[in-house]
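Each chain, written out:
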Amino acid sequence: MTMTQEVGQSDLPRILVVDDSKVMRLAARKVLNDDFDVVVAEDGQAGWEMIESDTTIQVVFTDLSMPHLDGFGLLDKVRGSETARISELPIIIITGAEDDDDAREKVLAAGATDFITKPFNSVDLKARANSHANAAQVTTELREQTEAPAEEQALDSVTGLVNRHVFEEGLSQSISYARRHQEPLSVIRVDLDQFNRLFVKLGRKRCNAILRKVADVVQKQVREEDSVARIGMSRYAISLSGTDHENAGLCTERIRKRINSIRFKVGEEIFQITASIGVVVLDHTPFYAESGGQVGDRGVLRKNGGVFRVLDTQKQGDGAFVHIGELTQGSIHTGDELEALIDHQRRAATRLNHSATHLMHAALREILGDHVQQKGSLVDPERLRFDFSHFQPLTADELQRIENRVNEQIRANAGVETRIMPVDQAMEAGAMALFGEKYGDEVRVLSIGDFSVELCGGTHVR
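First, a word on scope: everything that follows refers to the structure included in this document. For clarity, every value in this text was computed on a predicted model and none was experimentally measured. (Residues numbered from 1 in each chain as written. Predicted model: local features only at pLDDT ≥ 70, side-chain atom pairs only at ≥ 80, totals over all residues. Heavy atoms only, no water.)

1. A closer look at the side chain of Arg346
If you trace the backbone, Arg346 turns up in helix α11 (residues 344-368). It turns out Arg346 is buried and unbridged, and the closest side chain with the opposite charge, Asp297, is 5.0 Å from it. Not counting chain neighbours up to four residues away, the residues in contact with Arg346 comprise Val295, Gly296, Asp297, Arg298 and Pro381. (Helix = DSSP H or I, 4+ residues; strand = E, 2+ residues; numbered from the N terminus. Buried < 20%, exposed > 50% of the residue type's maximum accessible area, 1.4 Å probe, protein only. Lys, Arg positive; Asp, Glu negative; His and termini not counted. Salt bridge = Lys/Arg side-chain N within 4 Å of Asp/Glu carboxyl O. Contact = heavy atoms within 4.5 Å.)

Encoded structure:
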């Protein structure tokens, strides 16, 4: 695993090309070198290390199929980063024409910014690089306005609202208070649509005026005890104490309508400001909503011209599915019919870990005794955590026996069966129910061979 980087400073925008093909790296460099400072990496892991260490990289072009860390893995690391400079990087996927349609859906669902097919032509590659480098420069300038050290200023210099640091400190205290007193608490995130393009067209001074106007509108729609902050380039956050999801939804819609009514006249041209509140609610969805310890699905919701990147899925009330994320392209409105694209790679990894929790539960009861009960769990694509009751810490021998038993069942590759049946019948069949969970008259029973039978609504291996 190696990485290549030019020594010295350049005033040109820096672009990282990640591809395990030397021919493709040379070709990209030849096309882009006159207008950009091009650095290259031979695989996804080397590319990730460069992204972490080199703060001047503005755009990333990456192949999908590579050793050590493929393009999907690189995308996941970038979009999952807690550093805004990294998580907001434009990532353009380069892949072969033979899997164009399938690859396009998958990379968009994983959070890719754009897509280009091999063999690329020089005009297309340069156009993509220019467009995304310009947008990245705007993003950097806007971010710098909001990232002043907390000790230097507690208020955002443009809007006068509290900054992210102050807001998060206050929110932490509000969450503790709400938990202690069992009171509701809601948080709303507001994003101005296509603000980077507006910044390029109107400039900093006019866009700062827009940001101040939006801040004023938002503050007038909430109570004095609520907290409003500017937490990003064109992003606001609102903390609503003592407010449940239903009333927060009403507040959200009120704010959205007021922002969408804003008009700015520049010369003879009139600009409308629109906002996305970071939540899409659907009456039905293929996305799994967080439940039973399993995290919610990620992916993309889209229609013609509109793309909403889903970062989490939650169920609210009876039959409403809340998709939390950000609008990355176009607009989406109430009443729209959307195409839902799940991040299947992430779902598949989560499914493996969920089935493993069932095997672990059965192995614990078999080796330690029937008194063992599940007390909680976390199931995500990278790991599982299983909480259970027992009289004492496990011994090294017990841990080894449990591990061996679970691995034995994995290798047995027994069939997995799901059945819907009345709850009483499920209990008679030996299905384990979790203490504290609420079940309806009919339940979903999941069996893994004859080793595990549990009530479960999550996703599992087949």
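Back to the write-up after that little detour.
2. Here's the deal with the sheet that holds strand β21 (residues 442-448)
One key point about sheets: their strands pair by backbone hydrogen bonds, in either a parallel or an antiparallel sense. As summarised here, the arrangement of the three strands in space is β20-β21-β22, forming an open sheet in which the pairing is antiparallel. Every interior strand has two partners, whereas the edge strands, β20 (416-422) and β22 (452-455), have only one. Strand after strand, the sheet turns through a mean of 25° between neighbouring axes, direction not considered. (Pairing = 2+ DSSP bridges. Axes fitted to C-alpha atoms, helices over the stretch in contact; angles between N-to-C directions.)

3. Some words on α11
For α11, spanning 25 residues, the distance from its first C-alpha to its last is 36 Å, which sits close to the expected 36 Å at 1.5 Å a residue. Positive backbone phi, approximately 130°, marks Gly369, located one or two places after α11. (Expected span 1.5 Å × (residues − 1).)

4. Comments concerning the pattern of salt bridges
According to the stated counting rule, one finds 19 salt bridges in the structure shown. Here Asp191 and Arg235 are joined by a salt bridge, their closest N and O atoms 2.6 Å apart. Taken together, the positions of Asp191 in strand β7 (residues 185-192) and Arg235 in strand β9 (residues 235-241) put the pair 44 residues apart, joining distant regions of the chain. The exposure class of Asp191 is buried, given its relative accessible area of 12%.

5. Looking at the nonpolar core
When a protein is soluble and globular, its nonpolar side chains tend to lie buried together. With 30 residues, the main nonpolar core has Val190, Leu192, Val214, Ile238 and Ile259 as its most contacted residues. With seven residues, the top contributor of residues to this core is helix α9 (residues 204-220). Residues in contact with Leu192, not counting those within four places in the same chain, are Ile210, Leu211, Val214, Ser234, Tyr236, Ile259, Ile273, Thr274 and Ala275. (Core = buried A, V, L, I, M, F, W, Y, C linked by side-chain atoms within 4.5 Å.)

6. Digging into the sheet that holds β7
Judged by pairing direction, the sheet is antiparallel, and its four strands sit side by side in the order β8-β9-β7-β12 without closing on themselves. Taken across any chain shown, the strands that pair with only one partner, and hence form the sheet edges, are β8 (227-230) and β12 (275-276). Direction of pairing for β8 relative to β9: antiparallel, over a ladder of four bridges. Considered in β9, the bridge of Val228 is made with Ile238. Across the sheet, α9 lies against β7, β8 and β9, angled at about 15° from β9, the strand it touches most.

So yeah, pure geometry; function would need other evidence.
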